[in-house]
Structures are given as structure tokens and as C-alpha cells.
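A structural walkthrough
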Amino acid sequence: MDATPTDTGEALARPAGWRGVAADWSSDQRAFKNVSWGKAMMWIFLLSDTFIFSCFLISYMTVRMSTTVPWPNPSEVFALTIGGTSVPLILIAIMTFVLISSSGTMAMAVNFGYRRDRVKTAALMLMTAAFGATFVGMQAFEWTKLIHEGVRPWENPWGAAQFGAAFFMITGFHGTHVTIGVIFLLVIARKVWRGDFDQEKQGFFTSRKGRYEIVEITGLYWHFVDLVWVFIFALFYLW
Amino acid sequence: MAHAAASAEGQQHPVKLYLVVWGWLFVLSAFSYSVDYFHLQGYLRWFLILLLMALKAGLIVAFFMHMAWERLALIYAILIPPVAVLVFVGIMVFESDYTLFMRETFFRLGQG
Amino acid sequence: MVTVLQARTRGMTLMRMPLTVWGIFTATVMALLAFPALFVGAVMMLLDRLLGTSFFMPSLVEMGQHLQHSGGSPILFQHLFWFFGHPEVYIVALPAFGIVSDLISTHARRNIFGYRMMVWAIVAIGALSFVVWAHHMYVSGMNPYFGFFFATTTLIIAIPTAIKVYNWLLTLWHGDIHLTVPMLFALAFIVTFLNGGLTGLFLGNVVVDVPLSDTMFVVAHFHMVMGVAPIMVIFGGIYHWYPKITGRMLNEALGRFHFWVTFLGAYAVFFPMHYLGLLGMPRRYPEIGETSFVPDSAATLNAFISVAALAVGFAQMVFLFNLIWSLSRGRQAGGNPWNATTLEWQTPETPPGHGNWGKELPVVYRWAYDYSVPGAERDFVPQNQPPARRATWEAAP
């Protein structure tokens, strides 16, 4: 409407608070000022993924709340017998701690990535991947155990048929996300290790210069997977 | 490209902060686990589960995912859409109660 | 979506974007948030079908046999589906809203009326569309109290929609209307959309919806508002942008023929359905047989609808022929046949080469609707034209 080119204002300090929101959204070229397109894309993907997991959990909530048959008690179903005593939910607790540990190492990796510490970053990412793989392994163990005990997607010995259905579906989807995350981590860790981002080597697919920022983007994905587990742990196992 | 160079430097925060957050996550997880371990029931259980869940989620998003240091434009863009999910959750709570009520009223005999 | 957010050319603020881009952008955001529900519903249905889970399948007796399923909730599927399905309606409609705004503005040589309101209306419709979904489910057996909530939200969403319709009309008001083929389609859109939107107000009210549910009235409403109206815009858009894509104009005479048969034909098909629906004729029945409430004349009307539909189908053959024929025989279009302001008409080559702009990206100095600016040399000012020094029109709003 006004016929002047807008102030690009990149160098100026940007206002904070609500004024900042308005200023950013009405600014030239980019709405998210200090965010690269790669990071913005990851955030937006995660937002969409949030909706996917939310819909899974909402469906699970609905079938559980509306069933007339008793729901199996997860505390007992997921108990392990250790040294003769049955400890409730212990496997899930260990899995939770494994995943939180992996999140911690990932956060560290991102931090060292920005300090351009090639070796530490790669090592921490590999550690994260190892934790992730452990988590998936434990999940495989959990599935095997339940299947031996007679849990099927269509029935189980203890109550509502939807228990097995929701369990396999939700943990299956989460496990798939973790597996993809592990692969993603290994690929990026290899690139970090080789020093691709120090030499700004061009990527195989994109022929863009690689940057350490990809470590943070990987981190976003990984923390999201952890975040989803927080919700699954609370809503599926603890309910 | 000056801008891209600036963001390539990225965000640097003291390692200690991460360790503290990490520690809290462990502690909170231990709390959630003990909610089950000590067989708390009823509203107290619900309250604790949801509170601990929200705290953990908040810590992860704010510090590990760096949202605490993003500009508000991004924060609102990411945090406002899930309100639609909350509406969906609320509606489905009422819906499931109603479905259960209908089932208990009409399907008592056909229960199998 | 990230392109709009993070990779705009210099000077292109969000509030200078053409409404077409706004419509597509908002629709993309909605797609991103709505499709998860469809995905989840589809996964669970797949599990029900393949693995024998019972998310949606209640205890069923089929052909005298008790099926394996028990305790599933079909209502849950409906909720998931419509949590996707209603935003999807607007995912289809919002780009159409945007495109039609640009068509009207360009072909009426007048700036769009209430640009900011148009943008906010698009955004408001996008946001509200996530809380209206159960108005598709009034007779599904869901919690009856929901009717109140969803009827209210549904009627609220009519407000931004009505704002848009008024703004289109006010853009035309005192405009220099060129009845080109794109403009004809745009006008047809307004009429059709208004028609479908008004019947939407009927159906959004629970008490009116209950007797009309699953009748031909719903078919009429749906096709008017979401079937025919956006398709009018798609056609209008094709006639409008074909010259930019190919460098040649589509044949005008064939285009007019296509328009009138399609527009009048679509009305001949769907308008009688309102009447059939009010008679109580149910939808989705190939043959309804003897009923006490549907008179024989309804069959005649149905036959008429079928004939009209065939005529409309034939007109599309003409359109396809026009698309192919004009590719080599059409009149040379030049870079900007409609004298439009938006960037795509200012590219150095037509059709645009790879990367559209060659070496230098355009810089944007103004919004997309500088038509008939008082005192300007031509009746349009392209978005990338720098401001003239001391030009008289600078003082104009």
C-alpha cells in the first residue's frame, strides 16, 4: 500500500514481547527472524507429527473411557519378576530413563556442535544413537514378552480387546520414530565425524553446503521423540 | 547471507544448564514412576501424573529444544495450533462418557 | 509453506502478498494439521480390517454370523474423519477464495476492497474450521449436547465468510468490469458460493438439519458450496494463467461456450436437488421405488438432472479441446495480457524460464492491487515498479 521498500532491518535489534511478534510477522522476507528454513521446516513437521500422536492418544483415550469391559492394569501387565519379587512397571521405568539419558546426550551434542567440537559432537551423537537402539531393543523384548503372554491386537487374557490394539499401535508408531531417529543420528554423526561441516562440503542430495545446524535439527527431532514418550508413559502406562 | 552466517553460530549455553535440566528430568521421571509404585489412586494420581507429564514436557521443549531462546513469533506459531488438539480432547472426553452411558443403558444384555 | 514464511523476495511482506498466495498458504497450514487425523483414522481402520482389532467395529452380526469384533466405536471414526474433513472443506475453498479475489480485482480494474479484512477472514476461517467438525454429525448418535456448541461455532464461521462475499461485491462496485472468461467464472463463483453458503446456514442449525439430513438437500448444498464453486474458480484460474504458462491465449469463443454450459448446467443439475431434498428424497439411492412422500414427478426431475449432467460433461470436452488446440493455435499472449500487477506477470520471459527471474530477483515496492490508481500512467502499477519520485498518486490511499 505504501510505496516504499520495507526496511529489511536485519541488523537492528528487534523488539521483544507482543510488539516483537507483530514486528516479526509483518517484517520483510522472513517471519522467523533468526531461524533458518531448515529449522523452521523441522518445527513445522514436528507440529504435524504432534497432531498425529495426539490423534492416536485421543483415540486410545476414547476407546478406554467408553469400554464396558475392564481395562487391564498396566502396572501389573508390565511388571517384571526380579529376584523373586514382582516389580511393577519396572521395564517401562528403565526404558524411560534410557530415553531421557539419550535426550541429555543429544542436548550436549547440539551444544558441542555449535562450539565446532567435531569429535565430542560425533561421540555424543553416537552415544545418543546407542541409547536409542537400546530403547528399541527393550521395546522388542517387551513386545515379545506380551505376545508370549497372549496379548494380540484383537484380544488379551485380561480384559478389553482394545488394550492390545492401542498398545501395539501407539508403541509401534513411537518405536518406528525412534528407529528412524537412530538412523538419522548415525547419518549425521558420520558427516560430523568426517568433518563435512568444517569444510562446508556439499551434500550428496542437496548440493548445499552442510552446516553444524543440522545437528540441532536432528536434536529437535530426537527430543520430540522423547517428548512423545513422556506423554505415552503418563497416559498409557500410568493411567 | 550475513543473516545465515549469524545463525550458523547458533545458540551457546553453559553445559551446566543442560546438566541441571537433565537431572530434573530424572527426578521427575522417578516421581512419576513412584506414583505407580506406591499405588496412589483417584484424583491425586491423575493430578500427579498430568502435572509431572506437563513439567517434563515443558523442560524438554523449553531447554532441550531451545524454545526458551526462540523469538515469540516462532513460539506462538508452534504452541497455538495444539489448542485445536485440546478442544478435540475435551470433546472426546464428553463423547466417551456419553458412549459409555449409552452402552450401559442399552447393551447390558448383549454384553459378551 | 516455509517458502511463504521464510523465503520471500525483498519487499514482499506478508501484507503485500496477493490473496491467492494467502489462500494457498493458509490451506497448506490447515492441511498440515488436519491430515494427521485422517491418517490416524485410516491406520486404525486398516488395523480393524487386516488385524481384526476393534477400534471402530462394534459387535456385529453379518449374514447370521457373529463377527470377531467387539466394543469398537464407529462414532470415534466419524470424529476423526470430520476433524480432518471439515478443515478439508476449507483447504479446498481457501485457495479458491484467494484466486477469485485476484481475478475480480484484475478484471474489474479495481483494488480489492478491504484487503486486510480479506487476509484476516482467511486466517479466521482457517482457525475456526478446526472447531466446527461435528456439525456433520448431528444425527450420528453423538452426545446430543454437542449440537449447541457446534451449531454456534458453525454460525460464527459464517461471519468471516460473509465479510469476504461483501468485499468481493464492493470490489466490483464502480469497477470497470471486463466480462472476460476468467471474470465470468469469478462472478459465477460468487453466485454459486453464496447460494451454497446460505443453505449451509440452514444445515448448520440442528433442528433444521435433522429433517434434512441425508436428503438431496445436503447433496445440493455440498455441491454448490464445495463442488461447483471452487471448480468455477479453477476454470477461471486456468483461463487467467494459461497465457502465462503457455504464452498463448485460450480461445475466447470456446471459453464462453464452456462457461455458459457449465454454469447454467451446474445450476440445472444441483438447483432442483434442493426441492427434491425438501420433499424428503434421500440421497445415495439409485432407485427409491414406491414411497408415500416422493411424488412421481421427482423421477422426471431426476431424469432432467441426468441430462443436464451429461451436457455439462460434454462442455468439459470442449474445454479440453480448447486447452490442446490453443497450445499451438492460440493468439500470442505477450507477457501480461490482462495488465495485472502481481509478480508472475512481470517475468522477463513468457513462459518463464527456469527460476522464473533469470539472474536478478524482483524487489517488491507495493501491494498487489494498485489498479486504476489516480494519476498513474497506466491503469495498473506492477508490484515491482519502484515508486516514482513526487508522483501525485503517492498521496492516494
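Quantities reported herein were computed from a predicted structural model and do not represent experimental measurements.

1. As for the overall build of chain A
- Secondary structure summary: chain A contains seven helices and two strands in total.
- Across its three principal directions, the C-alpha atoms of chain A cover 70 × 45 × 30 Å.
- Here the contacts in chain A between residues at least 6 apart in sequence split such that 69% fall between residues at least 24 apart.
- For chain A, the computed accessible surface area is about 9300 Å², with 65% contributed by carbon and sulfur atoms.
- Where the 19 positive side-chain charges of chain A centre and where its 17 negative ones centre are 6 Å apart.

2. Observations concerning the overall build of chain B
- Per the secondary structure count, chain B includes five helices and zero strands.
- The N-to-C order of helical and strand elements in chain B reads α-α-α-α-α.
- A total of 112 residues make up chain B; the buried ones form 41% of that total.
- For chain B, the share of sequence-separated contacts (at least 6 apart) that also reach a separation of at least 24 residues comes to 62%.
- When the accessible surface of chain B is summed, it comes to about 6200 Å², and 77% of that surface belongs to carbon and sulfur atoms.

3. Structural notes on empty space enclosed by the protein
- Scanning the entire structure with this criterion turns up three cavities of 30 Å³ or more.
- The space that makes up the largest cavity amounts to roughly 60 Å³.
- As for the largest cavity, its lining consists of C:D102, C:T106, C:H240, C:W241, C:A340, C:T341, C:T342, C:E344, C:W345, C:A368, C:Y369 and C:Y371.
- For the lining of the largest cavity, the secondary structure elements donating two or more residues are α3 (74-107) and α8 (216-246) of chain C.
- Of the residues that constitute the lining of the largest cavity, the class distribution is six nonpolar, four polar and two charged.
- As for the second largest cavity, its lining consists of A:V77, A:F78, A:L80, A:L91, A:I92, A:E142, A:K145 and A:L146.
- Of all the secondary structure elements, the ones that give two or more residues to the lining of the second largest cavity are α4 (90-114) and α5 (118-148) of chain A.
- Sort the elements by how many residues they give to the lining of the second largest cavity and α5(A) lands first, with three residues.
- Split by residue class, the lining of the second largest cavity holds six nonpolar, no polar and two charged.

4. A few points about the interface of chain B and chain A
- Chain B puts 59 residues into the contact, and the matching count from chain A is 63 residues.
- Across the chain B to chain A interface the summed buried area is about 5700 Å²; carbon plus sulfur atoms make up 72%.
- The interface formed by chain B and chain A includes two salt bridges.
- Counting across the interface, chain B meets chain A through eight residue pairs in polar contact (both at pLDDT 80 or more).

5. A look at the pattern of salt bridges
- Across all of its chains, the model carries 11 salt bridges over all chains by this definition.
- Two residues, A:K39 and A:E216, come together in a salt bridge whose shortest N-O distance is 3.2 Å. Of this pair, A:K39 sits in helix α2 (residues 37-66) while A:E216 sits in helix α7 (residues 213-238); the two residues are 177 residues apart in sequence, bridging distant segments of the chain. For the pair A:K39 and A:E216, a shared accessibility class is recorded, and that class is buried.
- What you see here is one network of salt bridges that share partners, running through A:K39, A:E216 and B:E70.

6. Quick notes on the packing of aromatic side chains
Residues and elements named next belong to chain A.
- Going through the model one piece at a time under the given rule, you end up with 64 aromatic pairs over all chains.
- With centroids separated by 4.7 Å and ring planes inclined at 45°, the aromatic side chains of F56 and F173 adopt a geometry described as tilted. A residue pair is termed long-range when its members are at least 10 positions apart, and F56 in helix α2 and F173 in helix α6 (residues 162-194) qualify at 117 residues.
- The class of F56 is buried, set by a relative accessible area of 1%.
- The interplanar angle of 70° and the centroid separation of 5.2 Å between the aromatic rings of F167 and F168 together place this pair among those described as edge-to-face. With respect to class, F167 is no different from F168; both count as buried.

7. Notes on the packing of α2(A) against α3(C)
- With their axes 11 Å apart at the nearest point, α2(A) and α3(C) run at an angle of 160° to one another. Relative to α3(C), the element α2(A) lies roughly antiparallel. In terms of crossing hand, the pair formed by α2(A) and α3(C) is right-handed. On the side of α2(A), the interface is formed by A:F51, A:C55, A:S59, A:T62 and A:V63, while α3(C) contributes C:L76, C:L80 and C:F83.
- Partitioned by chemical class, the residues of the contact of α2(A) with α3(C) number six nonpolar, two polar and no charged.

8. What to know about the confidence of the model for chain B
- Counting all residues, the mean pLDDT for chain B is 83, and 85% of those residues have values of 70 or more.
- Within the model, the stretch residues 1-9 of chain B combines pLDDT values under 50 with 10 contacts to residues more than four positions away or in other chains.

9. Looking at the interface of chain A and chain C
- Of the residues lining the interface, 37 residues belong to chain A; the matching set on chain C comes to 42 residues.
- Buried area between chain A and chain C, both sides added, is near 3400 Å², and the carbon and sulfur share of it is 70%.
- Where chain A touches chain C, the interface holds zero salt bridges.
- Among the secondary structure elements, those contributing two or more residues to the side of chain A that touches chain C are α2 and α6 of chain A.
- In terms of residue count, the dominant contributor to the side of chain A that touches chain C is α2(A) (13 residues).

10. Considering the packing of α2(A) against α7(A)
All names here are of chain A.
- Between α2 and α7, the shortest axis-to-axis distance is 11 Å and the interhelical angle comes to 10°. One element, α2, and the other, α7, form an angle in the roughly parallel class. The segment α2 lies against α7, with G38, K39, M42, W43, F45, L46, D49, T50, F53, L57, Y60 and R64 engaging E213, E216, I217, L220, Y221, F224, V228, F231, L235 and F236.
- Here the contact of α2 with α7 is composed, by residue class, of 15 nonpolar, two polar and five charged.

So, how was this worked out
- In this convention, every chain numbers its residues from 1, walking through the sequence in written order.
- As a convention, the first chain written is A and the first ligand written is 1, with the rest following in written order.
- Where local features are concerned, this predicted model is filtered to residues with pLDDT of at least 70; where side-chain atom pairs are given and counted, the filter is 80 or more; whole-chain, interface and lining totals use all residues.
- Water and hydrogen atoms were dropped before computing side-chain values, which therefore reflect all heavy atoms in the structure.
- A helix here means a DSSP run of H or I that spans at least four residues, while a strand means a run of E at least two residues long, and both kinds are numbered starting from the N terminus.
- In this analysis, two residues are considered to be in contact whenever any of their non-hydrogen atoms come within 4.5 Å of each other.
- The accessible surface values rely on the Shrake-Rupley method and a 1.4 Å probe; as for residues, cover is taken only from the protein chains in view.
- Residues scored as positive are Lys and Arg, those scored as negative are Asp and Glu, and His as well as the terminal groups of each chain are ignored.
- Taken as the charge location is NZ of Lys, CZ of Arg, CG of Asp or CD of Glu.
- For every residue, the accessible area (1.4 Å probe, protein chains only) is compared with the maximum for its type, and the residue is labelled buried under 20%, exposed over 50%, or partly exposed between those bounds.
- The pocket and cavity definitions rest on a 1 Å grid over protein atoms only: a 1.4 Å probe that fits but cannot leave marks a cavity, an open set with protein on both sides within 12 Å along at least five of seven lines marks a pocket, and residues lining either have an atom within 4 Å of a point.
- Grid points are joined across faces, edges and corners, and a volume is the space filled by probe spheres set on the points.
- Residue polarity follows a fixed list, in which Ala, Val, Leu, Ile, Met, Phe, Trp, Tyr, Cys and Pro are nonpolar, Asp, Glu, Lys and Arg are charged, and the others, Gly among them, are polar.
- Buried surface area refers to the total accessible area, computed with a probe of radius 1.4 Å, that the two partners give up upon joining, counted for both partners together.
- Within this document, salt bridges are pairs made up of a side-chain nitrogen of Lys or Arg and a carboxyl oxygen of Asp or Glu, the two lying within 4 Å of each other.
- The term polar contact refers here to a pair of N or O atoms within 3.5 Å; inside protein, the definition further demands a hydrogen-donor-capable atom paired with an acceptor-capable atom, and it admits residues adjacent in sequence only when both atoms are side-chain atoms.
- Each Phe, Tyr or Trp ring, with Trp reduced to its six-membered ring, pairs with another whose centre is within 6.5 Å; inter-plane angles below 30 degrees give stacked pairs, above 60 give edge-to-face pairs, and intermediate values give tilted ones.
- Here an angle of 0 to 180 degrees is reported between the N-to-C directions of two axes, which are lines fitted to C-alpha atoms, with helices fitted over the stretch in contact.
- Note on angle classes: values under 35 degrees are labelled roughly parallel, values over 145 roughly antiparallel, values of 65 to 115 roughly perpendicular, and the remainder oblique.
- Should the near helix be turned anticlockwise from the far one by less than a right angle, the crossing is termed left-handed; should it be turned clockwise, right-handed.
- Summary of the metric used: pLDDT quantifies the predictor's per-residue confidence within the range 0 to 100.

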